[in-house]
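Structural features, examined
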There are 2 protein chains.
Amino acid sequence: MEIVLGIDIGGTSTKLGLVRADGQLFAQRTVNTGVCQNEHAFFALLFQEIEIFITTYKGNATWVGIGIGAPSCNEKAGTLERAANFPFSESVPILKLFEAHFGLPVYLLKDGNAATVGEWRYGAAQGMQNFMLITLGTGIGGGIVANGQLIKGANGWAGEFGHLTIEKGGRKCGCGRLGCLETYASATGLRLTALNMLEKEETGSSLRFIPKEVLSSKDVYHAAEAGDQVALAVFERVGAMLGTALSNLSVIFDPEAIFLAGGLAAAGDILFKPLRHSFEASLLSQLSGKISVLPSALRLNEAAILGAASLVWNNKTLITTS
Amino acid sequence: MEIVLGIDIGGTSTKLGLVRADGQLFAQRTVNTGVCQNEHAFFALLFQEIEIFITTYKGNATWVGIGIGAPSCNEKAGTLERAANFPFSESVPILKLFEAHFGLPVYLLKDGNAATVGEWRYGAAQGMQNFMLITLGTGIGGGIVANGQLIKGANGWAGEFGHLTIEKGGRKCGCGRLGCLETYASATGLRLTALNMLEKEETGSSLRFIPKEVLSSKDVYHAAEAGDQVALAVFERVGAMLGTALSNLSVIFDPEAIFLAGGLAAAGDILFKPLRHSFEASLLSQLSGKISVLPSALRLNEAAILGAASLVWNNKTLITTS
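Each value, and the rule that gives it
- Residues numbered from 1 in each chain as written.
- Chains lettered and ligands numbered in written order.
- Predicted model: local features only at pLDDT ≥ 70, side-chain atom pairs only at ≥ 80, totals over all residues.
- Heavy atoms only, no water.
- Helix = DSSP H or I, 4+ residues; strand = E, 2+ residues; numbered from the N terminus.
- Rg over C-alpha atoms; globule rule 2.2 N^0.38 Å.
- Buried < 20%, exposed > 50% of the residue type's maximum accessible area, 1.4 Å probe, protein only.
- Core = buried A, V, L, I, M, F, W, Y, C linked by side-chain atoms within 4.5 Å.
- Contact = heavy atoms within 4.5 Å.
- Pairing = 2+ DSSP bridges.
- Least-squares fit on C-alpha atoms with pLDDT ≥ 70 in both.
- Salt bridge = Lys/Arg side-chain N within 4 Å of Asp/Glu carboxyl O.
- Phe/Tyr/Trp six-rings, centres within 6.5 Å; stacked < 30°, edge-to-face > 60°.
- Buried area = accessible area lost by both parts, 1.4 Å probe.
- Polar contact = N/O pair within 3.5 Å; in protein donor to acceptor, adjacent residues only side chain to side chain.
- Nonpolar A, V, L, I, M, F, W, Y, C, P; charged D, E, K, R; others polar.
- Lys, Arg positive; Asp, Glu negative; His and termini not counted.
- Axes fitted to C-alpha atoms, helices over the stretch in contact; angles between N-to-C directions.
- Disulfide = S-S within 2.5 Å.

Observations regarding the overall build of chain A
- A count of helical and extended segments in chain A gives nine helices and 13 strands.
- Its C-alpha radius of gyration of 20 Å places chain A within 12% of the 20 Å reference for a compact globule of 322 residues.
- Overall, chain A is about 60 × 45 × 35 Å in size when its C-alpha atoms are taken along their principal axes.
- Residue burial in chain A is summarised as follows: out of 322 residues, 58% are buried.

Quick notes on the nonpolar core
- Judged by nonpolar contacts, the single largest core of 106 residues is most densely connected at A:Leu260 and B:Leu260.
- What B:Leu260 contacts, discounting residues up to four positions off in sequence, is B:Ile134, B:Leu136, B:Leu246, B:Ala265, B:Phe272, B:Leu275, B:Val293, B:Leu294, B:Pro295 and B:Ser296.

A short note on the sheet that holds strand E7 (residues 91-92) of chain A
- Taken in spatial order, the three strands make up an open sheet running E5-E6-E7 (chain A), and their pairing is antiparallel. The sheet is open, and its two borders are formed by strand E5 (73-74) and E7 of chain A, each paired with just one other strand.

A short note on the environment of A:Cys73
All names here are of chain A.
- Along the chain, the position of Cys73 falls in strand E5.
- Classification of Cys73 by relative accessible area gives buried; the value is 1%.
- Linking Cys73 and Gly174, residues 101 residues apart in sequence, is a C-alpha distance of 17 Å.

Quick word on the relation of the copies chain B and chain A
- In screw terms, the move from chain B to chain A is a rotation of 180 degrees and a rise of 0.0 Å along the axis, fitting with an RMSD of 0.1 Å. Each copy turns onto its partner about a two-fold axis.
- Interface residue correspondence from chain B to chain A reaches 100%, placing this contact among same-surface, isologous pairings.

Things to note about the environment of B:Leu271
All names here are of chain B.
- Along the polypeptide, Leu271 turns up in helix H8 (residues 269-282).
- C-alpha of Leu271 to C-alpha of Glu99: the two residues are 172 residues apart in sequence and 42 Å apart in space.
- Setting aside its immediate chain neighbours within four residues, Leu271 contacts Leu136, Phe235, Val238, Gly239, Leu242, Leu264 and Ala265.

Quick notes on the pattern of salt bridges
Residue and element names in this part refer to chain B.
- With the rule as written, the count across this model stands at ten salt bridges over all chains.
- The salt bridge involving Glu160 is made with Lys110; its shortest N-O contact spans 3.5 Å. Note that Glu160 is positioned in the loop between strand E11 (149-150) and helix H4 (182-185) and Lys110 in strand E8 (residues 106-110), a separation of 50 residues in sequence. Comparing Glu160 with Lys110 shows no difference in burial state: the two are buried.
- Here Arg299 and Glu302 are joined by a salt bridge, their closest N and O atoms 3.2 Å apart.
- A residue is classified by how much of its surface remains accessible, and Arg299, at 61% relative accessible area, is exposed.

Regarding the packing of aromatic side chains
Residue and element names in this part refer to chain A.
- For the structure shown, the criterion picks out 31 aromatic pairs over all chains.
- Aromatic side chains Phe43 and Phe98 sit 6.2 Å apart centroid to centroid with 90 degrees between the ring planes, which places their arrangement in the edge-to-face category. Highlighted residues: Phe43 in helix H1 (residues 39-57) and Phe98 in helix H2 (residues 94-102), separated in sequence by 55 residues. Taken individually, Phe43 and Phe98 each receive the classification buried, so the pair is uniform in this respect.
- Plain terms: the ring middles of Phe131 and Phe259 are 5.6 Å apart, the flat faces sit at 80 degrees to each other, and that makes the pair edge-to-face. Within this pair, whereas Phe131 is found in strand E9 (residues 131-136), its partner Phe259 is found in strand E12 (residues 257-261), the two being separated by 128 residues in sequence.

Some remarks on the interface of chain B and chain A
- Each partner contributes residues to the interface: chain B has 41 residues there, and chain A has 41 residues.
- Both sides together, the interface formed by chain B and chain A hides about 3500 Å², and carbon and sulfur atoms give 52% of it.
- Taken as a group, B:Trp157, B:Ile252 and B:Asp254 account for 18% of the area that chain B buries against chain A, more than any other trio of residues on that side.
- Applying the counting rule to chain B against chain A returns two salt bridges.
- Here A:Glu167 ties to B:Lys168 by a salt bridge, and the two come within 2.3 Å at their closest N and O atoms.
- Here chain B is connected to chain A by 26 residue pairs in polar contact (both at pLDDT 80 or more).
- Broken down by secondary-structure element, the contributors of at least two residues to the side of chain B that touches chain A are strand E10 (140-146), E11 and helix H7 (229-253) of chain B.
- Per element, the largest residue contribution to the side of chain B that touches chain A is five residues, and it comes from H7(B).
- Class assignment of the residues belonging to the side of chain B that touches chain A gives a composition of 19 nonpolar, 13 polar and nine charged.

Quick word on the side chain of A:Asp8
All names here are of chain A.
- When you line up the elements, Asp8 lands in strand E1 (residues 2-8).
- One buried charged residue, Asp8, forms no salt bridge at all, with the nearest opposite charge on Lys15 at 5.4 Å.
- Those residues within four positions of Asp8 in sequence are excluded, and the remaining contacts are Ser13, Thr14, Lys15, Gly69, Asp111, Asn301, Ala304 and Ile305.

Describing unusual backbone geometry
Residue and element names in this part refer to chain A.
- Backbone geometry at Ser72 places phi at a positive 50 degrees, although glycine is not the residue there.
- In this structure, Ser72 sits in the loop between strand E4 (62-70) and E5.
- The class for Ser72 is buried, based on a relative accessible area of 19%.

So, the sheet that holds E8(B)
Residues and elements named next belong to chain B.
- Taken in spatial order, the five strands line up as E3-E2-E1-E4-E8 in an open sheet, and their pairing is mixed. Each edge of the open sheet is held by one strand with a lone partner, namely strand E3 (25-31) and E8. Ignoring which end each strand starts from, the neighbouring axes of this sheet average 20 degrees apart.
- Here strand E1 (residues 2-8) pairs with strand E2 (residues 14-20) via six bridges, running antiparallel. Bridging from a neighbouring strand, Ile7 pairs with Leu16 of E2.
- Where helix H2 (residues 94-102) meets the sheet, it contacts E1, strand E4 (62-70) and E8, and its direction lies at approximately 155 degrees from that of E8.
- Relative to the sheet, helix H3 (residues 111-122) contacts E1, E4 and E8, its axis offset from that of E8 by approximately 100 degrees.

Section: the environment of B:Asp22
- Note on placement: B:Asp22 falls in the loop between E2 and E3.
- For the pair B:Asp22 and B:Phe53, spaced 31 residues apart in sequence, the C-alpha to C-alpha distance is 20 Å.

Considering the state of the cysteines
Residue and element names in this part refer to chain A.
- For the structure shown, the criterion picks out zero disulfides over all chains.
- Distance from the sulfur of Cys175, which forms no disulfide, to the nearest cysteine sulfur (Cys180) is 3.7 Å.
- Note on Cys175: relative accessible area 22%, which makes it partly exposed.

Quick look at the structure:
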């Protein structure tokens, strides 16, 4: 049997998974990479952990390659570039580092693209030719499949949904610009909206008992689930903003479906109900009723691991991703 | 020698062109289709004019097919659907009508896609794998090439740039929604902006001598060219809005270049200077300096005729469009 190592690289933690050719993820491990001071320490730790992981779980299988999903990566150059949440230099040649260390074929995908390919191969987007996947986590990322192909763009930046400007002169984003979608509709953005609403309005809310500093998007979700009016209003606002943004993207791509992945997408109807309402209300009439907005069928980390790993199988068997 | 008939269908006028395999457009004719009361009259007139045109110019060449660029068309179904500026029923089976009448292979493309393919094959986008073309005419349309393929979308609506919402609660659009890009940055939108500015401001302007009812976007252009401050301010405003919209699209597609075609694009620096300024100012820093915003190298009608016609050659020779 042959196996592939799929990796979902993150600033705080990096997830490893061993995947069979049929897409079964049979072993996982999380490496706490947040403790590393620089790229040398980061990769030394990661490589060591990978070796232990492989030795522990490989058994009789043949390890045939590595697929990596990573933020801020340049897929063509095989580098991580200006990676915001990593203690790294401007450009890190991650592909070469892995190839040199392990002597195996290595494939690199932007994390949003890795999750998109995972959803396409093994999740709810199977068989689709045109869809988008948007990851709602600390930030917002995603990927696009059009004409049955993953769209990469000239420099590998296609699908940077988080940096769509949705509010002129709006909230300051980590990218230096104002009003980006991820300052409103990520977990971080939802938390900010909650803090703003708690400050501006006087409605009673269980969220007022949580110190502002530690209030999280999960707290807002749990309060909304329990019927808290302010928390529900926060989700209504975030859902409405996302719905409008997705309807705007739809006139450009005309997708069959839009998938939402990541922490916020797990909020279910609390998010999807206002989102779908504003989506349909602002959609071009010709597209009305034709585009489904759905939660991902996979867990985000698993989708990215599976998608990255699938590149190795893809290349081995020369099957296209369409 | 073999020749193809390329057609650019419009509500007011329809353009015909005869094209050789090398892309040379050697004969053109404009048919005034605006006088027709319904689809029967429209196609009876058009077919008659096509026959006269072909007979006049064909010579010894063999006529091998027809390529049609048309607004509001469903490329998969081969129909015109809810075509806003035509006296047509809900759905007109244009592909079947042409095939039945002429007994030749017929190919149908959305007009924006036809212009995009024309630019790609014969214009400034030759050899590119990732670009967008946006047509700035009475309305706004366009097309997208990504991964070396024309992106069509699930229902053939991809690339409807004119209906990007750029102003919440903004101008009423023909599509029934508010704040669409084409209500601001088309020739029609530019004219409206001029009328608004003339009304709101008291600055002297040569445009004040033109009756409002007949003031056109061309008048605004000529005034701007002559240094009229109000006319220049109109182009500044429209250019800035376009620049912001294009920078927003760039984080989604990461194109090599964005081409502007159609009447307004011919305004040159008067439009492109403020446009490029606002484009670069609002672009994600990772993309800074990497995306050219350029005028089309072809005349709009010719691009659409050439692009539509090229589908016939494409299919005959099995050369892909990449």
